Amino acid sequence: MAKKKNSVLGYCIPEPHITGRAITLFILYLIIPILCIGALGDLFIQWAFGYCTGLWCLASST
């Protein structure tokens, strides 16, 4: 069965897709806060126990 094209008042409605703005907002509102919380957790562990767990520790040790 063929898909019927959606139209409103004679205009064809395009299929939904992910836009660049959606990706940007996803990064700003979800990815960056998660990375910041993880970095603060690593900083707290290093401060409290003296053991570095962050990715920058792995990068700086080589």
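The paragraphs below set out a description of the structure included in this document. (Residues numbered from 1 in each chain as written. Predicted model: local features only at pLDDT ≥ 70, side-chain atom pairs only at ≥ 80, totals over all residues. Heavy atoms only, no water.)

### Some points on the overall build of the chain
Step number 1: The helix and strand inventory of the chain stands at 2 helices and 2 strands.
Step number 2: Traced from its N-terminal end to its C-terminal end, the chain shows the element sequence β-β-α-α.
Step number 3: Residue burial in the chain is summarised as follows: out of 62 residues, 5% are buried.
Step number 4: Accessible area of the chain: about 6100 Å², with a carbon and sulfur share of 72%. (Helix = DSSP H or I, 4+ residues; strand = E, 2+ residues; numbered from the N terminus. Buried < 20%, exposed > 50% of the residue type's maximum accessible area, 1.4 Å probe, protein only. Areas by Shrake-Rupley, 256 points an atom, 1.4 Å probe, with all protein chains shown as cover.)

### What to know about helix α1 (residues 20–49)
Step number 1: The terminal C-alpha atoms of α1, which comprises 30 residues, lie 42 Å apart, in line with the 44 Å expected from a rise of 1.5 Å per residue.
Step number 2: Of all the bends in α1, the greatest, near 35°, is centred on I27. (Expected span 1.5 Å × (residues − 1). Bend = angle between axes of the 7 residues up to and from the residue.)

### What to know about the packing of aromatic side chains
Step number 1: This structure, assessed with the given rule, holds 1 aromatic pair.
Step number 2: Ring geometry for F44 and W47: centres 6.0 Å apart, planes at 40°, overall tilted. Of this pair, F44 and W47 both sit in helix α1, 3 residues apart, which is roughly one turn of that helix.
Step number 3: A residue is classified by how much of its surface remains accessible, and W47, at 69% relative accessible area, is exposed. (Phe/Tyr/Trp six-rings, centres within 6.5 Å; stacked < 30°, edge-to-face > 60°.)

### Regarding a nonpolar patch on the surface
Step number 1: Together, I18, I23, L25, F26, I27, L28, Y29, L30, I31, I32, I34 and L35 make up a nonpolar patch on the protein surface, roughly 1200 Å² of accessible area in all.
Step number 2: Looking at the element boundaries, I32 is found in helix α1.
Step number 3: Owing to a relative accessible area of 38%, I32 belongs among the partly exposed residues under this scheme. (Patch = residues over 30% accessible without salt bridge, like charges linked within 9 Å, V, L, I, M, F, W, Y side chains within 5 Å. Salt bridge = Lys/Arg side-chain N within 4 Å of Asp/Glu carboxyl O.)

### A closer look at the side chain of D42
Step number 1: Among the secondary structure elements, D42 is positioned in helix α1.
Step number 2: Buried and without a salt bridge, D42 has R21 as its closest oppositely charged side chain, separated by 30 Å.
Step number 3: Filtering out sequence-adjacent residues up to four positions away, D42 remains in contact with T53, G54 and W56. (Lys, Arg positive; Asp, Glu negative; His and termini not counted. Contact = heavy atoms within 4.5 Å.)

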